[in-house]
Amino acid sequence: MQKVFNADILMENPDNFVRDEHITNIIPNNPYYVVHSIYFAQSLTVFEDAARKKRLVLNVDYEYASIDSVASELSNKDCYRAIIFLKTVSQAYIDYHSYGDLVSADMLNRISENTEQVKEQSDILSKKVTDLTNELAAHQKDTAPHGAQESVYPKALALRSEAGTLKAADATDEQELTTLGQINKTITATKNDVQTRIQKAKEEALDTIDKNIKALIDNAPEDLNTLKKLATRANQNKQDIETLKAIRENRMPLNPVCAYDMADIALDETPLFTLPAPIVQKKEAKIYGNSAMPLKTNTRYHISITSKWTGDARPYLMVFRSDGKESPWGADINDTQEFYVEIPSEGVFYLGIWMHGSESYKVQLADSVTIEKLTITEVKAVTVIDSSGNMQQSILTGTFEKTKDASVGSVIHFKGGCAQRAPIPCMGIGKQWSHSRWVKINTTQPKNSFNHIWDYSKFDCGYFFTDEDGNIESFYVTTSLRYVPYESFSISPEKLPKNEWLNIVTMTDMQATYCRKIVYINKEKVIDSITKEKFSNLLENDELHYDMAESPYVKTVKGALANLLFFDRLLTEAEVQWLGSNPYYPVKRYSLAEYKADENRALLETLQQELKTLVPKSAFNLTGSTLSMQL
């Protein structure tokens, strides 16, 4: 029977560390459960060989499976029960820190079986002792003194006493006579050994049961003080675990109809400028300023820059006006960054970089700025790829910045623009839909403004108002503000803390006579309400859908957006909790490379149609994402 581990919620007990647990007969995409029930995800390492030279890579060669929500919540660490291998390997060796063993019916049955086996062995030994005792009694009766006169060798067989009885030494060979004393000693030793083994097995079994029961009690939430509540919670956890297991086993969890991870962006752009050589500035506040290349009005530019600085230099990239009036845009720079800037309709504008954003700054001895790379392109369109593969691409407008965030991955920071797309087919009368997003609201918002986090025409809107200081006064989720009938639900502005990543999940069930809205913020349900109206009057139209919206009827939301997902159904509670715990969406069905390949195929078809009378079809060649013509 294997050793059983105590609960170790804080991952501090070295006795709970498991090394070189061996897994064989591996089939890709099948879950393999660890021996000791639950493991901390951060402690898991996987090797393909016993020499520990071929380490497998998380999310490439294997991934976690069967999350344990109770252990994760109590320890505040991700805890799982199984591993799924994503590629074919003959065997694997794993190291992990165990959260502790669960007392299962199977374990209790094994303890009971071991106790029964010990009892059976004890009964067998007791029967053997009884049989030996009976044989000895019979032998003593049969061999009582009978006046024999045969001479013997001392210490070999037997000696006759003066009283005429035979006395023997302790036997040293199986063929020699033995004495009652020797047999009794053997019987006593056997009984003592059996009793000791039974008592030890009993104590170990009781100790194991006691420890695991105490661990279950210690780890249970305070309000679960009855067996009925424990059973209910266990059943719920089992259902959640099965749901999460099913989610992880799918190629694309949850199967969204649209998915925007903000990582794949396609640009229709024209190159304008590339920095010919790095710039190093240590003496002057002005680092770069190209007054020979004015920026076009009503035009958007893509600025890609790589920089670093020391001391208190703090370089600032900005669009400045020739008349000295206030700059329409600027940003601190460091490392590699990408900006998309839209130039206003009036004025003459240039691009420049200064320490502290001012030519009057007095450079210090430790200050230095290095501009390693700088490219500027004129952009006609910025397309965010729909990685679900359903071709619902989104367009970015206005001024924004594309960055990466350790919490949520690729991010679009909106400075004065928005994301827009054609209506998604899953929204409308007689339909159910859901969407999930990670959003961060900037500390500074426009004053006395009306800001849409999302605006999906007649069917689904989320917006907030700000006061004269730019603070959020109220947050509403509605069907629409521009059409009747509509439903509107108010949410406390405390649920939208500024400058923090929030996961907002909104679900809608819109039928002809009622509309139900369900809203979660950071996994907490804040709205679940039904409005009974004649919603069949809201006919579908072709109005664009907006996120972080700026349009003729709303102002822009200054903030960031990441991992926006849409579903053609209502999500389950377990799915909502999973989305709130997993900012990174794991799998893509459609990527930027495939998008470019599709563009090339469309171009090929157009060229073939226009030139089919002049150029034979065989002159066109499409390999991967590259189009060529052989004339």
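Anything mentioned here points back to the structure above.
As the structure is a prediction and not an experimental result, all values here were calculated from the model. (Residues numbered from 1 in each chain as written. Predicted model: local features only at pLDDT ≥ 70, side-chain atom pairs only at ≥ 80, totals over all residues. Heavy atoms only, no water.)

**Observations concerning the overall build of the protein chain**
A count of helices and strands for the protein chain gives 6 helices and 35 strands. The burial tally for the protein chain puts 43% of its 631 residues in the buried class. Contacts spanning at least 24 positions in sequence make up 70% of the contacts within the protein chain whose residues lie at least 6 apart. For the protein chain, the accessible surface area stands at approximately 34,100 Å², while carbon and sulfur atoms represent 50% of it. (Helix = DSSP H or I, 4+ residues; strand = E, 2+ residues; numbered from the N terminus. Buried < 20%, exposed > 50% of the residue type's maximum accessible area, 1.4 Å probe, protein only. Contact = heavy atoms within 4.5 Å. Areas by Shrake-Rupley, 256 points an atom, 1.4 Å probe, with all protein chains shown as cover.)

**Looking at the sheet that holds strand E13 (residues 286–289)**
Pairing between sheet strands relies on hydrogen bonds along the backbone, with the strands arranged either parallel or antiparallel. With antiparallel pairing, 4 strands are arranged side by side in an open sheet as E13-E18-E15-E16. Only two strands of the sheet have a single partner each, and these edge strands are E13 and strand E16 (329–332). Each neighbouring strand pair of the sheet contributes to a mean axis angle of 15 degrees, computed without reference to strand direction. (Pairing = 2+ DSSP bridges. Axes fitted to C-alpha atoms, helices over the stretch in contact; angles between N-to-C directions.)

**Looking at the nonpolar core**
Judged by nonpolar contacts, the single largest core of 44 residues is most densely connected at Leu396, Phe414, Ile453, Phe475 and Phe566. Residues in contact with Phe475, not counting those within four places in the same chain, are Ile453, Trp454, Gly462, Tyr463, Phe464, Phe489, Ser490, Ile491, Leu496 and Ile521. (Core = buried A, V, L, I, M, F, W, Y, C linked by side-chain atoms within 4.5 Å.)

**Some words on the pattern of salt bridges**
The full count for this structure, using the stated rule, is 18 salt bridges. Between Asp323 and Arg321 there is a salt bridge, with the nearest N and O atoms lying 3.1 Å from each other. We classify Asp323 as partly exposed; its relative accessible area is 43%. A salt bridge links Arg437 to Asp547; its shortest N-O distance comes to 2.8 Å. Placement of Arg437 in strand E24 (residues 431–441) and of Asp547 in strand E32 (residues 545–547) is noted, with a sequence separation of 110 residues between them. On the accessibility criterion, Arg437 (0% relative accessible area) is buried. (Salt bridge = Lys/Arg side-chain N within 4 Å of Asp/Glu carboxyl O.)

**Quick notes on the environment of Gln393**
With respect to the element layout, Gln393 can be found in the loop between strand E19 (368–384) and strand E20 (394–397). Note on Gln393: relative accessible area 17%, which makes it buried. Considered as a pair, Gln393 and Ala266 are 127 residues apart in the sequence and their alpha carbons are 10.0 Å apart. When residues no more than four places from it in sequence are discounted, the contact partners of Gln393 are Tyr260, Thr383, Val384, Ile385, Asp386, Arg421, Tyr590 and Tyr595. Within the structure, the side chain of Gln393 is placed 2.6 Å from the backbone nitrogen of Asp386, a separation counted as a polar contact. (Polar contact = N/O pair within 3.5 Å; in protein donor to acceptor, adjacent residues only side chain to side chain.)

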